[in-house]
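Fold and geometry: a report
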Amino acid sequence: MPLLTRPKVNNIILFAFLIGTATLSSAGSVGWSRASPEYDFVAVAVGYDYDVPVGPWKRSVIAPVDQFNPGHGVAINVALQGRWFRFALTVDYTAPNTDEWEAYANEVGFDVDSASRFWYAGASVGVNPWYTKTVSPYCGVYFGLLRPWGRDKSEFHRATYNYLADGRYSFYIGPELAIPVRLANQVYVIPSAKYLSASKTTLPNHENHRVNNLIWSVKFEWRIPLSLF
């Protein structure tokens, strides 16, 4: 008889364990869903950047074409949000397009392979002047360090665009406007625009210009309410 009853006892214990686990999970999910996603949270965001060079610095110093044109990139943010205040650490990586310059150089017989890469690393400080459960626009200021890089390569020559910054890095600052839109309880999509103006740099033609960029972004942000900690 013990051999017949032991499996039944084990099944009852297993069933009770599963019921208890499901109940605890359900209670946890209810608590999570009731946590306020509008403010007082830590957030992680990842998204797409469209980088538009602005100003005379983008022109080639030896040809009648733009050496740097709009390009694509990625953005990563980690933010801390209060009821009215937002602080974020940011990294943006973009690759301005150099096809126009490359095509011109090849047309006149230089056979150039050109490329460029921009790194932006810094922080942003912003405020939420108005918010709801679905939309919470904010405006702020971005600031940090820009590391621009570019090079031309051909069979007989290689040139690096060190002139894009006086040194390896330059300081940038600029405004940002973003409009987070709620997709789910803790998930938002954030279209944004920021204009970044870097320190003046001396171009090979001895003119002083700022490396300015307008960056359009679309990011997905996951918010973790501080009430859960």
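Structure's up top.
One structure accompanies this document, and this report is about it. Computed from a predicted model, the values in this text were never measured in an experiment.

**Remarks on the pattern of salt bridges**
Scanning all chains against the criterion turns up five salt bridges. In this structure, the salt-bridge partner of Arg223 is Glu221, at a minimum N-O distance of 2.7 Å. Taken as a pair, Arg223 and Glu221 share a single burial class, namely buried. The network of salt bridges with common partners includes Arg86, Glu221 and Arg223.

**What about the pairing of strand β5 (residues 138–153)?**
In this structure, strand β4 (residues 113–127) lies alongside β5, joined through 15 bridges in antiparallel fashion. Counterpart to Gly126 in the pairing with β5 is Gly140. In this structure, β5 lies alongside strand β6 (residues 158–160), joined through three bridges in antiparallel fashion. Across the sheet, Asp152 pairs through a bridge with Ala159, a residue of β6. What sits between the antiparallel neighbours β5 and β6 is a turn of four residues.

**Here's the deal with the environment of Ala43**
Structurally, Ala43 can be placed in strand β1 (residues 41–54). With relative accessibility at 1%, the residue Ala43 sits in the buried group. Residues Ala43 and Asn77 lie 34 residues apart in sequence; the distance between their C-alpha atoms is 7.9 Å. Non-local contacts of Ala43, meaning those with residues more than four positions away in its chain, are made with Asn77, Val78, Ala79, Glu221, Trp222 and Arg223.

**Observations concerning the nonpolar core**
Trp101, Phe118, Tyr120, Leu146, Leu164 and Tyr172 are the most contacted members of the largest nonpolar core, which totals 19 residues. Of all the elements in the fold, those that place two or more residues in this core are α2 (99–107), β4, β5, β9 (187–202) and β10 (208–225).

**Regarding unusual backbone geometry**
Most peptide bonds adopt trans geometry, and most residues besides glycine take a negative phi value. The phi torsion at Asp111 lies on the positive side, around 50°, for a residue other than glycine. Its place among the elements puts Asp111 in the loop between α2 and β4. Asp111 sits in the exposed class, given a relative accessible area of 54%.

Definitions and cut-offs
- Residues numbered from 1 in each chain as written.
- Predicted model: local features only at pLDDT ≥ 70, side-chain atom pairs only at ≥ 80, totals over all residues.
- Heavy atoms only, no water.
- Salt bridge = Lys/Arg side-chain N within 4 Å of Asp/Glu carboxyl O.
- Buried < 20%, exposed > 50% of the residue type's maximum accessible area, 1.4 Å probe, protein only.
- Pairing = 2+ DSSP bridges.
- Helix = DSSP H or I, 4+ residues; strand = E, 2+ residues; numbered from the N terminus.
- Contact = heavy atoms within 4.5 Å.
- Core = buried A, V, L, I, M, F, W, Y, C linked by side-chain atoms within 4.5 Å.

As far as function goes, none of this settles anything; it's purely spatial.
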